[in-house]
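Commentary on secondary and tertiary structure
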Amino acid sequence: MSASRSRTERLGKGDAPRARPPVRALSWAWLGLLPFFLFALAFLILPSASIVFKSFQGLAETVFLKDPSRDVVDSAGLSRQWAAGGRGVSMERRGGNDAAVNWGAFAGSGGVGHDAEGNPIAGTPGEANSIASVTPQASPTPDGQPRREGSYPPRSVLINELAWSGTEASAAAEWIELFNTTTADIDLAGWTLSDGNDIQIDLAGTIPAGGYFLLERGDDTPIADIPADQIYSGALRDGGLTLDNFTELLSRRDLMRSYQASISISLITALGGGLFGFLLAYAVILGGLPKGVRTFMVTFSGVASNFAGVPLAFAFMSTLGQMGLITRAINSLLDTNIYMAGFSIYNIWGLSIVYMYFQFPLMVLVMAPALDGLRREWREAAENLGGTAWQYWRHVALPILMPSLLGAMILLFGNSFGAYATAYAFAGSRINLVTIVIGGQITGEALFNPGLGNALALGMVVVMAVCMAGYAATQRRAARWMR
Amino acid sequence: MKRANVWSWVIVFIGLVYFFLPLVATFLFSMRAELGHLGFSAYRYVFSDPGFASNFGYSLRWAVLTIIASLLLVVPTVYWVHLRVPHLRPVVEFLSLFPFVVPAVVLAFGLIKTYCCPPFALKVSPALLIAAYVILSLPYMFRSVDAGLRAIDVRTLTEAAQSLGAGWITVLFRVIFPNLRVAILSGVFLTFAIVIGEFTFASLFAWPAFGPYMVLMGQSRAYEPAALSVVSFILTWASIGVIQWVGRGAPGGAQVAGVR
Amino acid sequence: MTTRKLTRREFLKLSAMAGGSALLASCGGGGGGGGAALPDLTTGANIPMDALLAAVEAEGKVVNPIAMPRDWAGFDEIFHILTDEYGMTLNELSPEFGSADELEAIRANRDAPGPQAPDTIDIGIGYTTTATDEGLLAKYKVATWDSIPAGFKHPDGFWFVHYYGVLTFETNTNLITNVPTDWPDLLKAEYRNMVGIAGDPTASNEAVSTVLAAGLSRTNNDIGTAAQAGLEFWAEMNQIGNLLPVTVNAGTLASGETPIGIEWDYLALPARDTLAGNPPLEVLVPDTGIIAGPYSGGISAFAPHPYGARLFQEVVFSDAGQLAHLKKYAHPARFDDMVARGVIPAEVMATLPPAEYYARATTLTVEQFAAAKEYIAANWRSVVLGE
């Protein structure tokens, strides 16, 4: 590059800079990036991977075992996913509470009993679990305290084993096993086992001390050769890896609309914000204005991009809201009520106008370093060679700026796409944008299906990945100009 | 140049109108807190509210920590990429743009679920919030530093400095950082502003930051949120002014890559 | 010169790092428990005050209430009682959260006790079934349990209504001369772009109640069909353009963004008082479709400070606590009992809206509310917003 030659000359060195020996294997060079990579791994990749993974998880359910005082004594599937097991393979408790780590798939061979078609059950209904060394322990009862009748300590009776996907013979042949961890027989009258959905079982019978209680679904055939202690009806949803979340996402009009709205606003503000922001940045940095203007604009931009959220919402309500400054001015000057005419800051175009408030400054701030790099001598050189301003722009300045410009606009797109606080400040969770819907699911289970929320998030990732691919392509193109 | 000047002024004027009109409107509304005449009672209320000082103080503290952490993480990394491992640049760039690929709301969810419980129980300390803020600032820091480094010839500078006998630390802190001053500052401004006004992470991680405080004000008071908006704007602006002053340094410092 | 710059930077960084590590080191670690024979928590029986106070002392005298803004239904005074009289430290979590958000906060912090985990919640009655079914709540019966009406509490003590109110119309009379007095009035063309509701019917108990109340007005208090009728009413409101997507609050009322709002009386009346005529706010109960909205307290089953949480509830249900609700226009659960015992000052009674409205209010059972809430949450987007 011509610039580096002139700098070297200014340094007073006539020769080329002393050549360093070529860097040996770059096997150690990347270690310099280790802190960054570790940070990224811990705080970016791990959480994101878990979200991506969970978007493929169908909605399973949780089964609650309650004593006569309606206290929850035990549950199965609290994490909304069956932690282990599968078709024909039971999910056994390994010990402890209903965390995912405390469940495992049936690990023995052969198992106990046979299903309706004579296949051996991969499970141990009515007997100790295959990994019997870890015996579930009930939490100790406080000594000397009177226990209210009908109230049992947590996990005194356990949901010990579930075949939520049935047997080899039939996926509907589900069964559940309970285990009494106490040293006394328990009369199960008044106890309930329910999933909040179609399984509502009023238990009846006695579970012996240290013994088991077997429930089979539909009739006594799921486990053909072991009699059930109780028959129940109702299905245990399977959950598991599935594309159901995505099919539901694509089929729901309101969710598709949220994408449409988010993308529209992001495109509008990326292009519009990029354009005017660039003009503003250029005017302030290279437009021949006093240096104070630049300093002012740069610091102001830093603040203005902060303004998102409640302050921005309030500011624009005061400006373009129904009783806003401009609304009233237009009303009195032009005798038109813009809201009656259909304008609103709560729809796509209105929100775009609001979002520009942090998009313009962002563009200014991001383009400032790049514009600084636009050497004045290049402009002078172009003019010396007889070029017009337009030619300078088209052949010199724009190609050089293009990677930064495009990168900045993609930043703007992403910034707008991920924006949450401002729309939330306007209308809580009522504006239909993707981030708002996801936020509603995270804070309040608004979609009633965490997998669906994760699928929505994955959709956002896909949109952004497409952008990034486009960006990378332009980067490669423009990079040719740089060297 | 005269012609360019006029257009520049026009653009700046339009920009300033767009930016200041909402501020003026907010200010006017905040002044209507007293019946019948304009007055500052909304501001008196805001300043006398203990929540204001404590919440803003929290956010201020975390902003400073975030800036430091982010600088220490990003600048050496990008410098190293430019200097030694340019082929890893796309990887680093992709990682820095992660917060765009995965939005803040979702990232918050992922972070909560990953770090809620032992053995990674980070959630109970603000460290997780700071990490989240560093993530939020990554794209801007990376962009700014990268553009700044692209505008100077890193290789030549480093080689020149090393041929004069400088070690790595000296090169970093005495040669690279000063030349990146403008670029770094713009990243720093953005990070500061982001953290002060940030709502999503602070609310979802349940920390008493300034963002949720403003939302709460907005739910219950009529004129005070407007006053709060104006005050927060001025305070942030002042703080950024301080940062700029601190980063100004002595005029005409040793800049090898003379420019502008 | 560069040396000076360097030193300043180094100094700033070092001091910041020192400050940062001090900050981080000082965080974390809640109050210590321990001590012998803490009162039993599993049966839900009432704990006598002295034993409770001793246990709270052992716990570190902290409690984390969630989603209880200070200016909502008099919680400010209740918080003051806790801090001033009992010396408690309060971590007021997420005051901006709605009922659904609170339950999710309990779930999310199940395994992470700490300053972020909620101890006590305040949720709309429609959310109590979900909370109980999922085992999110712990049982407890306060000292004044028997004076809480039966319909306002879970028989085993999982939840207990703190206070209730009715939905009111609040109108900025600077901007609107013809004040709406009933639900059908809201559909008038003159109220185009004027009506705001308080939240999202998929997450907020108040918004669900707003839909229900409109429905009750249409179906003449037939609860079974009210949810559907309410959604149809709001669909019409949205279609003719009277409904704004903005969440109504004192600010939007004052600025004129939503000149007409629908909020609980204990939110509307204090707003009217705070605005003090700037602008003047007229708050009235609609003629038909009067819905009573009880808000229920609960103790998280995974509360990091279970005894602090129980003390919190004792304060809320004491005469002083219930009176704190009433002073801010929220009818406490023990209202009838306190009236019968004559403990309510006359001047407080005088500030309340006429009693006959409350007499005509429709109170849904928990099951009815939960069913209506689910129906409305599932259908709001499609029926009203047409998506």
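None of these values were measured; they are calculated from a predicted model.

Next up on the list: the overall build of chain A. What chain A contains, in helices and strands, is 13 helices and 12 strands. Expressed as a percentage of its 483 residues, the buried residues of chain A come to 46%. Put simply, 64% of the contacts in chain A that link residues at least 6 apart link residues at least 24 apart.

Residue and element names in this part refer to chain A. Read across the sheet, six strands follow the order S4-S3-S5-S6-S11-S12 without closing on themselves; strand pairing throughout is mixed. Only two strands of the sheet have a single partner each, and these edge strands are strand S4 (103–105) and strand S12 (230–232). On average, each strand axis in the sheet is tilted by 25 degrees relative to the strand beside it, whichever way the strands run. Sheet analysis places strand S3 (residues 91–93) next to strand S5 (residues 157–163), joined by two bridges and oriented antiparallel. Residue pairing for S5: Met91 is matched across the bridge by Leu162.

Right, let's talk about the domain arrangement of chain A for a bit. Its domain assignment divides chain A into domain 1 (58–140 + 148–241) and domain 2 (245–482). The C-alpha centroid of domain 2 of chain A is placed 53 Å from the C-alpha centroid of domain 1 of chain A.

Residue and element names in this part refer to chain C. Counting buried positions along strand S5 (residues 159–172) yields 14 of 14 residues, so the element is predominantly enclosed. Strand direction decides the pairing type here: S5 and strand S10 (residues 292–300), joined by seven bridges, are antiparallel. Bridge pairing in S10 places Tyr163 opposite Tyr295. In the sheet, S5 pairs with strand S11 (residues 331–332) via two bridges, with the strands oriented antiparallel. The partner of Tyr164 across the bridge, within S11, is His331. Strand direction decides the pairing type here: S5 and strand S8 (residues 260–264), joined by five bridges, are antiparallel. Directly across from Leu167, in S8, lies its bridge partner Trp264. Strand direction decides the pairing type here: S5 and strand S9 (residues 281–284), joined by four bridges, are antiparallel. Note on S9: the bridge partner recorded for Phe169 is Leu284.

Residues and elements named next belong to chain A. When pLDDT is averaged across chain A, the result is 80; 87% of the residues are at 70 or more. Between the elements of chain A, mean pLDDT differs from a low of 45, seen in helix H1 (residues 2–10), to a high of 92, seen in helix H4 (residues 253–286). Predicted confidence is poor over residues 1–14, with pLDDT under 50, and the contacts of this stretch with residues over four places away or in other chains come to eight contacts. With pLDDT under 50 throughout, residues 139–148 is counted as low confidence; its partners more than four residues away or in other chains account for 11 contacts.

What follows is about the nonpolar core. Counting 292 residues, the largest nonpolar core has Ala281 of chain A together with Ala108 of chain B as the members making the most contacts within it. In terms of residue count, the dominant contributor to this core is helix H7 (residues 127–151) of chain B (17 residues). The contact partners of Ala281 of chain A, leaving out residues within four places of it in the chain, are Met363, Val364, Met367, Ala368 and Leu371 of chain A.

On the chain A side, the residues contacting the 80 residues of chain B number 80 residues. No other element matches the 13 residues that helix H1 (residues 2–30) of chain B contributes to the side of chain B that touches chain A. Looking at side-chain class alone, the side of chain B that touches chain A contains 52 nonpolar, 21 polar and seven charged residues.

Residue and element names in this part refer to chain A. Packing of helix H8 (residues 348–372) against helix H10 (residues 389–417) leaves a shortest axis separation of 10 Å and a crossing angle of 150 degrees. If you check the angle between H8 and H10, you find them roughly antiparallel. Crossing hand, H8 versus H10: right-handed. Of the residues in H10, those in contact with Tyr355, Gln359, Leu362, Met363, Val366, Met367 and Ala370 of H8 are Leu401, Ser404, Ala408, Leu411, Leu412, Asn415 and Ser416. A class-by-class count of the residues in the contact of H8 with H10 yields 10 nonpolar, four polar and no charged.

This paragraph deals with the sheet that holds strand S9 (residues 200–202) of chain A. Residue and element names in this part refer to chain A. Spatially, the four strands line up as an open sheet ordered S2-S1-S8-S9, and their pairing is antiparallel. Each having just a single partner strand, strand S2 (72–76) and S9 make up the two edges of the open sheet. On average, each strand axis in the sheet is inclined to that of its neighbour by 15 degrees, with strand direction left out of account. Here four bridges tie strand S1 (residues 63–66) to S2, and the two strands are oriented antiparallel to one another. Counted as the bridge partner of Lys66 is Val72 from S2.

This part covers helix H15 (residues 366–384) of chain C. A maximum bend of about 40 degrees is found in H15 of chain C at Ala378 of chain C. Every buried residue of H15 of chain C is accounted for by Val366, Phe369, Ala372, Lys373, Ile376, Ala377, Trp380, Arg381 and Val384 of chain C. On its buried face, H15 of chain C is in contact with H4 of chain A together with helix H5 (128–133), helix H6 (205–218) and helix H7 (223–240) of chain C. Remark: Gly386 of chain C follows H15 of chain C within two positions and exhibits a positive phi of approximately 65 degrees.

How each quantity is defined
Residues numbered from 1 in each chain as written. Chains lettered and ligands numbered in written order. Predicted model: local features only at pLDDT ≥ 70, side-chain atom pairs only at ≥ 80, totals over all residues. Helix = DSSP H or I, 4+ residues; strand = E, 2+ residues; numbered from the N terminus. Buried ≥ 20, exposed ≤ 12 C-beta atoms within 10 Å, placed from the backbone. Contact = placed C-beta atoms within 7 Å. Pairing = 2+ DSSP bridges. Axes fitted to C-alpha atoms, helices over the stretch in contact; angles between N-to-C directions. Domains from an automatic or database assignment. pLDDT = per-residue confidence, 0-100. Core = buried A, V, L, I, M, F, W, Y, C linked by C-beta atoms within 7 Å. Nonpolar A, V, L, I, M, F, W, Y, C, P; charged D, E, K, R; others polar. Parallel < 35°, antiparallel > 145°, perpendicular 65-115°, else oblique. Left-handed = near helix turned anticlockwise from the far one by under 90°. Bend = angle between axes of the 7 residues up to and from the residue.

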